[in-house]
Amino acid sequence: MEKLRVGVIFGGMSSEREVSLNSGRNVYDNLDREAYAPVPLFMDNAGRLWLIPWQLVSQNTTVDISERLEKEAKHVAYEDLKDLIDFAFIALHGKYGDDGCIQGLLELLGLPFTGPGVLASALGMDKHIQQKILQAEGLGVPRSMLVTEEMWAERREEVERDFEEKFGYPFVIKPPREGSSIGVAIIRERGETGAAVEEALRWDNAALAEEFLDGIEFSSIVLDEENGPVPLSLTEIHPQSDFFTYNDKYMPGRCRKFTPPKNIPADLINVIKKDVVRAFRALGFRCYGRIDGFVLKDGRVLITDPNSSSGMAPSSFFFEQAAENGMLPSMVLSRLIEIALRVHREKLGPL
Ligand SMILES: Nc1ncnc2c1ncn2[C@@H]1O[C@H](COP(=O)(O)OP(=O)(O)O)[C@@H](O)[C@H]1O
Ligand SMILES: [Mg+2]
């Protein structure tokens, strides 16, 4: 039987392209060669796709790869993608990668892919809109306030007063559509607000302010099994910094993680597992997702960061939770591809 040609797409145009390189390289390395023929596809920072040789997959940074594309890689026009692959494993993160853009392109080409479709991917990226949907579903979300560029330019003092009244200190500012903790800040006194809003506005046209959550952070990978979404397992996160920063996420050994959780009582673990499945469904996620949140000291469970994709580096939640379920990296990757093929087979119109 012909092996399924799996295009592993990584790199990309977002602030998370180095994270994506780690994901893509690891997916490429771990795909089961008995079942799949992996095809490494690098997206450069102009959104062009390149078929790259394995020597380029193992480069340290996307800059190293980009410098060698002209000589060592082959540019692939979008229309020609179907000649090269049967399936797309999206290892892109952030803007244009897990926000619906590449998903729309793949739908037009008729190629099945990992993760949800256009709308759910876009929702997974937008922290402001997803909070409204989760709230309507009756799920706990942080109290928040969106400040647009115009509001900030026209009535900054009023906005700062509103923050103070609504949240007190500390509170959190973040860009609504970013990832990897980029642009996230904890505001502990009034003087810190301005710089944090400006920083968030470097990444998006609005800044999202949230109440500060004091509790235990968790992350749950959910797989879209035939009988409905199922959490793989649950990880309890203890960052070494003030919060779960970029370095805590990606520097080896920087963060304590417990899979399954050590300090969350069993009854609350059950509540979390139910809530992450409800969030998955409410946002229309398909294939898989990573739903993150907090258990507060009073026992309330809040969903703070539902993601329509997950980091796929060796130490990611995805592989940790798969291991807890007895699945080696290659096994869970195969599982994901099987699930994706099923949901694309069953879809009517775009996913
Ligand atoms: N409202 C909040 N209260 C406390 N900590 C927060 C809050 N929002 C975010 N954080 C911290 O910042 C990290 C990154 O924020 P998050 O909303 O998850 O954005 P990202 O999409 O970048 O992961 C979280 O993992 C958490 O540690
Ligand atoms: Mg997060």
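Worth saying up front: this structure is predicted, and the values here are computed from it rather than measured.

What counts and what doesn't
- Residues numbered from 1 in each chain as written.
- Chains lettered and ligands numbered in written order.
- Predicted model: local features only at pLDDT ≥ 70, side-chain atom pairs only at ≥ 80, totals over all residues.
- Heavy atoms only, no water.
- Pairing = 2+ DSSP bridges.
- Helix = DSSP H or I, 4+ residues; strand = E, 2+ residues; numbered from the N terminus.
- Axes fitted to C-alpha atoms, helices over the stretch in contact; angles between N-to-C directions.
- Contact = heavy atoms within 4.5 Å.
- Domains from an automatic or database assignment.
- Buried area = accessible area lost by both parts, 1.4 Å probe.
- Salt bridge = Lys/Arg side-chain N within 4 Å of Asp/Glu carboxyl O.
- Polar contact = N/O pair within 3.5 Å; in protein donor to acceptor, adjacent residues only side chain to side chain.
- Nonpolar A, V, L, I, M, F, W, Y, C, P; charged D, E, K, R; others polar.
- Near = heavy atom within 4 Å.
- Areas by Shrake-Rupley, 256 points an atom, 1.4 Å probe, with all protein chains shown as cover.
- Core = buried A, V, L, I, M, F, W, Y, C linked by side-chain atoms within 4.5 Å.
- Buried < 20%, exposed > 50% of the residue type's maximum accessible area, 1.4 Å probe, protein only.
- Parallel < 35°, antiparallel > 145°, perpendicular 65-115°, else oblique.

Q: Can you walk me through the sheet that holds strand β6 (residues 144-148) in this structure?
A: The strands making up a sheet associate through hydrogen bonds between their backbones, and the pairing can be parallel or antiparallel. Taken together, four strands build an open sheet; the order of strands is β6-β9-β7-β8 and the sheet is antiparallel. Lying at the two open borders of the sheet, with one neighbouring strand each, are β6 and β8 (185-187). Put simply, the sheet's adjacent strands are angled 25° from each other on average, direction ignored. Across four bridges, strand β7 (residues 171-174) lies against strand β9 (residues 206-211) in antiparallel orientation. Residue V172 lies in a different strand from β9, and its bridge partner there is E210. Of the strands in this sheet, β6, β7 and β9 are in contact with helix α9 (residues 156-167), which crosses β6 at around 175°.

Q: Looking at this structure, I do not really get the domain arrangement of the protein chain. What am I missing?
A: When the parts of a complex come together, some accessible area is lost, and that lost area is often taken as the interface size. When its domains are assigned, the protein chain resolves into domain 1 (4-113), domain 2 (124-140 + 214-346) and domain 3 (144-211). Measuring from the centre of the C-alpha atoms in domain 1 to the corresponding centre in domain 3 gives 34 Å. If you look at the interface, domain 1 gives four residues, while domain 3 gives six residues. Overall, the association of domain 1 and domain 3 removes approximately 410 Å² of surface from exposure, summing both partners, and the carbon and sulfur fraction of that is 41%. Contact with domain 3 buries area across many residues of domain 1, yet S15, E16 and K95 alone supply 94% of it, more than any other trio. At the junction of domain 1 and domain 3, the tally comes to one salt bridge. A salt bridge links E178 to K95, with the nearest nitrogen and oxygen atoms 2.9 Å apart. Across the contact surface, domain 1 and domain 3 share five residue pairs in polar contact (both at pLDDT 80 or more). Its residues assigned to classes, the side of domain 1 that touches domain 3 shows one nonpolar, one polar and two charged.

Q: Would you take a moment to explain the site of ligand 1 for this structure?
A: Among the 18 residues in the neighbourhood of ligand 1, the closest are listed as K127, K174, S181, L213 and E217. Interatomic distance of 3.0 Å between a backbone N/O atom of F244 and an oxygen atom of ligand 1. A distance of 2.8 Å separates an oxygen atom of ligand 1 from a polar side-chain atom of K249. In isolation ligand 1 exposes 540 Å². Once the protein is present, 96% of that is buried. For the shell around ligand 1, the secondary-structure elements that each account for two or more residues are β7 and β9. Among the residues forming the shell around ligand 1, the class breakdown is seven nonpolar, three polar and eight charged. Here the shell around ligand 1 gathers at least three residues from each of two domains, domain 2 (124-140 + 214-346) and domain 3 (144-211).

Q: For this particular structure, what's the right way to read the nonpolar core?
A: Burial of nonpolar side chains together is a common tendency in soluble globular proteins. F10, I52, F89, M312 and F318 are the most contacted members of the largest nonpolar core, which has 40 residues in total. Considering every element that reaches this core, the biggest residue donor is helix α14 (residues 329-346), with seven residues. Among the nonpolar cores identified, the runner-up in size contains 21 residues, and L134, L268, A279 and V301 belong to it.

Q: So what exactly am I meant to see when it comes to the pattern of salt bridges here?
A: Once their charged atoms are close, side chains differing in charge can pair, the charge on each being opposite to the other. The final tally for this structure, using the stated rule, is 26 salt bridges. For R190, the salt bridge identified is with E164, shortest N-O distance 3.6 Å. Of this pair, R190 sits in the loop between β8 and α10 (193-203) while E164 sits in helix α9, and the two are 26 residues apart along the sequence. Residue E164 is classed as partly exposed on the basis of its relative accessible area, which comes to 26%. Overlapping salt bridges bring together R156, E160, E164, R190 and E198 as one network.

Q: What is the right way to look at the packing of helix α13 (residues 317-324) against α14 in this model?
A: Relative orientation and spacing of two packed helices are given, respectively, by the angle between their axes and the distance between those axes. It is at 9 Å that the axes of α13 and α14 come closest, and there the two elements cross at 100°. The angle between α13 and α14 falls in the class roughly perpendicular. In this structure, α13 uses F318, F319 and A322 to contact α14, whose residues at the interface are P329, V332, L333 and L336. Here the contact of α13 with α14 is composed, by residue class, of seven nonpolar, no polar and no charged.

Q: Please explain unusual backbone geometry as it appears in this structure.
A: A negative phi angle characterises most non-glycine residues, just as the trans form characterises most peptide bonds. A cis amide bond, omega -5°, links Y169 with the succeeding residue P170. With respect to the element layout, P170 can be found in the loop between α9 and β7. Between T259 and P260 the backbone carries a cis peptide bond, its omega angle lying at -5°. Even without a glycine there, the phi angle at S180 is positive, about 55°. Inspection of the secondary structure puts S180 in the loop between β7 and β8. The phi torsion at S181 lies on the positive side, around 65°, for a residue other than glycine. Relative accessible area serves as the criterion here: at 15%, S181 is assigned to the buried category.

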